[in-house]
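Structure at a glance
One-letter residues, chain by chain:
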Amino acid sequence: MRGETLVGHVPVVVIGAGFAGVCAAVVLTRAGRDVLVLERGASVGGVWRDNAYPGCACDVESPLYSYSFAPNPTWSHVYAPQPEILAYLQDVVRDAGLADRIRCGVEVRRADWDDDALTWRVETDHGTVTADVLVSACGGLSEPSVPQLPGLAAFTAAGGAVVHSARWTPDLDVTGRRVAVVGSGASAIQLVPQLAPRAAELTVLQRTAPWIIPRRDREIPAARRARFARRPATLRLVRWALYAFRELLVLGMVHRPGLMRGVESLCRAHLRRQVPDPGLRALLTPTYRAGCKRILSSDDYYPALNRENVELVPSGLAGFEPGAVVAADGTRREADVVVLATGFETTDPPIAHHLRGRGGRLLADVWREGGMQALRGTTVHGFPNLFLLVGPNTGQGHTSMVQIIESQVAYVRDALTTMERRGVAALEPLAEAQTAWNDRLAARLRGTVWTTGGCSSWYQDGHGRVTTLWPGSTVRLRRATRRVDLAEYRVTPPRAALAPAAPGASR
Amino acid sequence: MSAPALALYPADFLPPTPARRLTLFRPDGARLAVQIHEPPPPRSTADRGSSPRTAVLVHGWTCSTTFWVRVLHRLTPHLRVVVYDQRGHGRSSPVPAGGFTPEALAADLAAVLEATVDSDGDSGGDGRPVVVAGHSMGAMALVALAGRHPDVLHRRVGAALLASTGVEQLMGRMTVLPHLGRPDSPAVEALARRTIGDARALHRLPLRLARASLVRATMSRTATPVERAFCTDIVLACPQRTYEGFAEMLGDLDLSADLPRLDVPTAVLVGTQDRLTPPWHARRMLAALPCPKGLVEVPGAGHMTPLTAPDAVAAAVRDLAERPA
């Protein structure tokens, strides 16, 4: 958007054009709202634009990992690769005719609630607009978590390359080079099988072993795709079957962590089949309850670790030396390229450092003091007319995030409808309602595998509190976000209604 | 807040990370995966001057460096330890055609010693010997080296441990199968060859039965369930071609002429319940060694002593390492 300056007033501003932002734009536009989406990146796509590392693909079956309002019969694989998902999002934007509603390359610098005008003042690097309603759709996995470790400057000065998996540069060639992959999470297990055959040597620094189930990814045959296109009901059936199957996992994760033993034996059998050496297998066997950290799926990660040129070091990265990485256990390995597959900032969302609510309070400060919390994962006391998509305690470890996003967007849509119908200018959750909601969450989180499983994970904040996950089925979340209950909110009528009636206006 | 760790493997079975890894290229095309484990730097100033002594551990038929894991945990606090995957095993390359010979194993060991151990038979200049500990076919590689590379033996090796091994009549002396006749009768030997060397048959068995047969052959009743699982996993991970190639070699092996040339202090270790290489071998070797340093009998142990009797094996290695040359 070079050259364009944004001014004026928009009813709804959405920050971010990833899966959540696009969903909000489509649904709210269909509901008759005038929406402007601000995206700091060069294109739509969110994580599916940023994570362009080799091997990147979805962990959830694509018929499920897509919008209910935009079924896609053309997925090439059960787990579509990243370029396909990105293309899907772009197609959705195009088909919905939203291209002129999205401004890419516009970064929101700050947004302030104006309690007199009852609007958000959104300041960007391309001008300032005001909005009645602000929807933050920045996602939970947008800001790479980059460990600050000693020796980095010396490492790069000596010619070493360091790249985060979510900031992959296509011209980075690992052929014949010594590569260290830091991490063994979702990104790492997709990257390693791609890099291993090209690298001269590959070292995987593993802090905690992940539980990995068989992926059984396969191409969707053309005939099946044609049938999906001809009879959309068959695709819907597949979608709901996948959905129902994945919801079963909730039973184990939330209610009966002991049931996760079944998943563990599945994983251990997978490990046994794929890793013949019991020593390597011992290093790859997790020591916590499955589900405590995200359960991963892969059929080619373990075989890659069996390769002669691949070594698993069971220790995290502690620092760099010129031409080498040093693990926390003191192991030193020479490396030309370091790939940080270290994940994302999940418990301190960067957008919170840019949003100021009533009285100029910064959301990040509010959350630092009181913990990251919201009402129904979406609205925050002190921040009227702000809706967070993928907000606190809306993540999940078992199914498609799109389910959550659609539920939350439905909540926003209902809020906007309600506001219009009731003549409400500002909607702000009551402190009591928000506290009651979070007390309920906390009670439900006790006893879940995420708190009892014996691991530390990106689901937890610095105090071990699980602030990212929804403790229940997505059905339950959908029900909780179906309608806005005005009893939970402080409603403010338009300022004009409060002002004394102008002479002549009354009959 | 967090639940107790649900560890499946005792810490003892988690392979330590080597300080360095080498890939050793052999002239016949084989590649050997070598690991060097360094002890932690000495704490007291008195020890600081001398570099640590070295032990080189050589695993046996169908095993790998993983096989030494428990001994490694006991030695690495005190010694520099070199372990490697013998050709065809673990992360080393498959055996090139014609490579299933004691000559090749001896030359591999010689090359590993040349690459990882200083000459003069010590690594610190303080007259302490480098100990080579071989288990089963690993010990045979050492005996073969004594016969074929005496120069390497004298320059690099200060002491030796022959653990659970033999150098002749390997098939005939086994007690894995029920006794059908005199131990050295041709019929018993032929049967042993047929059954012991058939990797395909082993892998065709249901896993439970395959494990049971391996446990029967290689371990004693005292082996714990974890030891049994770990040991049989290692053997089952061995490529079938390696398994059968070396089985054939072992059937004809006779290194009795090389044994008298192993003229460094040599200890012999055997489990009393060893069915693959029964104590008969140990006593016979001890009698033929030019510089015997005692027989360690591990009561109740089977063939896989480094896995089931790691304390005894590690103690024997440290004993040799600390013995003045």
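Residues numbered from 1 in each chain as written. Chains lettered and ligands numbered in written order. Predicted model: local features only at pLDDT ≥ 70, side-chain atom pairs only at ≥ 80, totals over all residues. Heavy atoms only, no water.

1. Points about the nonpolar core
The cut-off we apply is this: Residues belong to a common nonpolar core when they are buried Ala, Val, Leu, Ile, Met, Phe, Trp, Tyr or Cys residues joined through side-chain atoms within 4.5 Å. In this scheme, a residue with accessible area under 20% of its type's maximum is buried, one over 50% is exposed, and one in between is partly exposed, where area comes from a 1.4 Å probe on protein chains only. Think of it this way: any DSSP run of H or I at least four residues long counts as a helix, any run of E at least two long counts as a strand, and we number them from the N terminus. Throughout, the edges of the domains are those of an automatic or database domain assignment. Contact definition: two residues touch when any of their heavy atoms are within 4.5 Å.
Within the largest apolar cluster, 98 residues are counted, with the highest numbers of intra-cluster contacts made by F19, Y67, L202 and L305 of chain A. The greatest single-element share of this core, amounting to ten residues, is contributed by helix α12 (residues 401-422) of chain A. Shared between two domains, this core takes at least three residues from each, and those domains are domain 1 (9-143 + 346-495) and domain 2 (152-220 + 253-340) of chain A. Not counting residues within four places of it along the chain, the set of residues in contact with F19 of chain A comprises W48, Y65, Y67, I85, Y88, L89, V402 and I405 of chain A. Within the second largest apolar cluster, 80 residues are counted, among which are L32, V152, A199 and L255 of chain B.

2. With respect to the interface of chain B and chain A
Note the threshold: Here's the idea: put two parts together, see how much 1.4 Å probe accessible area each one loses, and the total over both is what we call buried area. Each reported salt bridge corresponds to a side-chain nitrogen of Lys or Arg within 4 Å of a carboxyl oxygen of Asp or Glu. N or O atoms closer than or at 3.5 Å make up a polar contact, with two conditions inside protein: a donor-capable atom paired with an acceptor-capable one, and, for residues adjacent in sequence, both atoms drawn from side chains.
Residue-level contacts link 26 residues of chain B with 31 residues of chain A. Of the roughly 2100 Å² buried between chain B and chain A, counting both surfaces, carbon and sulfur atoms make up 53%. Linking chain B with chain A are four salt bridges, by the criterion used here. Across the salt bridge formed by E308 of chain A and R31 of chain B, the nearest N and O atoms sit 2.8 Å from each other. Where chain B touches chain A, the interface holds ten residue pairs in polar contact (both at pLDDT 80 or more). Looking at the side of chain B that touches chain A, the elements with two or more residues in it are β1 (20-25) and α10 (225-237) of chain B. No other element matches α10 of chain B, which puts four residues into the side of chain B that touches chain A.

3. Points about the sheet that holds strand β13 (residues 317-321) of chain A
All names here are of chain A. For the record, the criterion: The pairing criterion is simple: DSSP has to find at least two bridges between the two strands. Working convention: axes come from line fits to C-alpha atoms, limited for helices to the stretch in contact. Angles between N-to-C directions cover 0 to 180 degrees.
If you walk across this open sheet you meet the three strands as β13-β14-β15, and the pairing is antiparallel. Edge positions in the sheet fall to β13 and β15 (332-334), since each has one partner strand and no second. Neighbour to neighbour, the strand axes of the sheet diverge by 25 degrees on average, direction disregarded. Judged from the four bridges that link them, β13 and strand β14 (residues 324-327) form a sheet pairing that is antiparallel. Pairing of F320 across the sheet is with V325, part of β14.

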